[in-house]
Amino acid sequence: MITLDEYIEQHSSQETDALRQITHDTNVYQLNPHMLSGQVQGRLLSMLSCMIQPEHILEFGTFTGYSALCLAEGLTEDGVLHTIEHNDELEDTIRHNLSLSPLGKKIKLHIGDAKLMLGADAELRDTIYDLVFIDADKREYSEYYDLVFPLVRQGGFILADNTLWDGHIIEAEYDKDKQTIGLRRFNDTVAKDTRVEKVILPLRDGLTIIRKL
């Protein structure tokens, strides 16, 4: 008897060879492999990107590069994806993983604090983005949102991962957990923001889709 998750995986498009290798290596070598987007969410990120056909994508939180490669599948011919990772110990792993796919050439990796880099890096600061993916420090989602909102074009999209936080978002025992508090604050901010349309999908750990009006 297979699980519902296994059924969904079997009836969804499969990973590319490069993504399959990243999945394997992340599960073998990384301490928190659950942070990987995985097949089903990865295929959704790819499909959304292909629907939007972005020229410029910004990602907060690279981890091992899986989601960046998925999002890059929808880039225009001359499109670029900028991805920011705070953990410099992952840099070599990320660069290796991106090199596994031809799409890696469309991805620019930035190592450092995203909040500081958006203000200091002229290329990041002066680009108007069609699509943004937030998947970094949960405590700072609201700050990321406020920083990037002016850089998103009208009609552009912001995707935010982990917004249901394995159900903890509504559990009282997590009322003092800083990451849960940060995600609740972000969810409430987006829910009240009349400048956007939004919907939370109960996929994996929760994925919020936001469209700037």
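Described in the following lines is the structure provided in the data block. Just so we're clear, the structure is a prediction, and the values are computed from it rather than from any experiment.

## Some words on the side chain of S49
Here comes step 1: As for its placement among the helices and strands, S49 is situated in helix α3 (residues 38–52).
Here comes step 2: You can call S49 buried: its relative accessible area is 0%.
Here comes step 3: The contacts of S49, once residues within four sequence positions are left out, are P54, I57, L71, G74, L75 and L131.

## A closer look at the sheet that holds strand β4 (residues 129–134)
Here comes step 1: Taken together, 7 strands build an open sheet; the order of strands is β3-β2-β1-β4-β5-β7-β6 and the sheet is mixed. Each of the sheet's edge strands pairs with one partner strand only, and the pair in question is β3 (107–111) and β6 (196–201). For this sheet, the mean inter-axis angle between neighbouring strands, taken without regard to orientation, is 15°.
Here comes step 2: Note: strand β2 (residues 80–85) against β3, 5 bridges, orientation parallel. Counted as the bridge partner of I84 is H110 from β3.

## Overview of helix α2 (residues 17–29)
Here comes step 1: Between the first and last C-alpha of α2 there are 18 Å, a value that for 13 residues agrees with the 18 Å anticipated at 1.5 Å per step.
Here comes step 2: Of the positions making up α2, those classed as buried are A18, L19, I22, T23, D25 and T26.
Here comes step 3: Buried-residue contacts for α2 involve α3, α4 (66–72) and α5 (91–99).

## A word on the packing of aromatic side chains
Here comes step 1: As enumerated under the stated definition, the model contains 5 aromatic pairs in all.
Here comes step 2: A cation over a ring is seen here: R195 above F149, with NZ or CZ 3.8 Å from the ring centre.
Here comes step 3: One cation-aromatic arrangement involves K212 over F149; the distance from NZ or CZ to the ring centre is 4.5 Å.

## A word on the packing of helix α8 (residues 141–148) against helix α9 (residues 178–192)
Here comes step 1: Viewed as axis vectors pointing N to C, α8 and α9 meet at an angle of 40°, and their least axial separation amounts to 8 Å. By the criterion of interaxial angle, the relationship of α8 to α9 is oblique. From α8, Y141, S142, E143 and Y145 reach across to α9, where they touch G182, L183, R185, F186, T189 and V190.

## Side note on α9
Here comes step 1: In a regular helix each residue adds 1.5 Å, so 15 residues correspond to 21 Å; α9 covers 21 Å between its end C-alpha atoms and thus fits that length.
Here comes step 2: For α9, the full list of buried residues reads T180, G182, L183, R184, F186, N187 and V190.

## Brief notes about the pairing of strand β7 (residues 207–212)
Here comes step 1: Of all 6 residues making up β7, 5 are buried, and the element is well covered by its neighbours.
Here comes step 2: Direction of pairing for strand β5 (residues 152–161) relative to β7: antiparallel, over a ladder of 5 bridges. Within the sheet, the bridge partner assigned to D161 lies in β7 and is L207.
Here comes step 3: Pairing of β6 with β7 involves 6 bridges; the strand directions are antiparallel. Bridged to V199 within β7 is I209.
Here comes step 4: Hairpin connection, β6 to β7: the antiparallel pair is bridged by 5 residues, and R204 has positive phi, about 55°.

Quick notes on the rules
Residues numbered from 1 in each chain as written. Predicted model: local features only at pLDDT ≥ 70, side-chain atom pairs only at ≥ 80, totals over all residues. Heavy atoms only, no water. Helix = DSSP H or I, 4+ residues; strand = E, 2+ residues; numbered from the N terminus. Buried < 20%, exposed > 50% of the residue type's maximum accessible area, 1.4 Å probe, protein only. Contact = heavy atoms within 4.5 Å. Pairing = 2+ DSSP bridges. Axes fitted to C-alpha atoms, helices over the stretch in contact; angles between N-to-C directions. Expected span 1.5 Å × (residues − 1). Phe/Tyr/Trp six-rings, centres within 6.5 Å; stacked < 30°, edge-to-face > 60°. Lys NZ or Arg CZ within 6 Å of the ring centre and 35° of its normal. Parallel < 35°, antiparallel > 145°, perpendicular 65-115°, else oblique.

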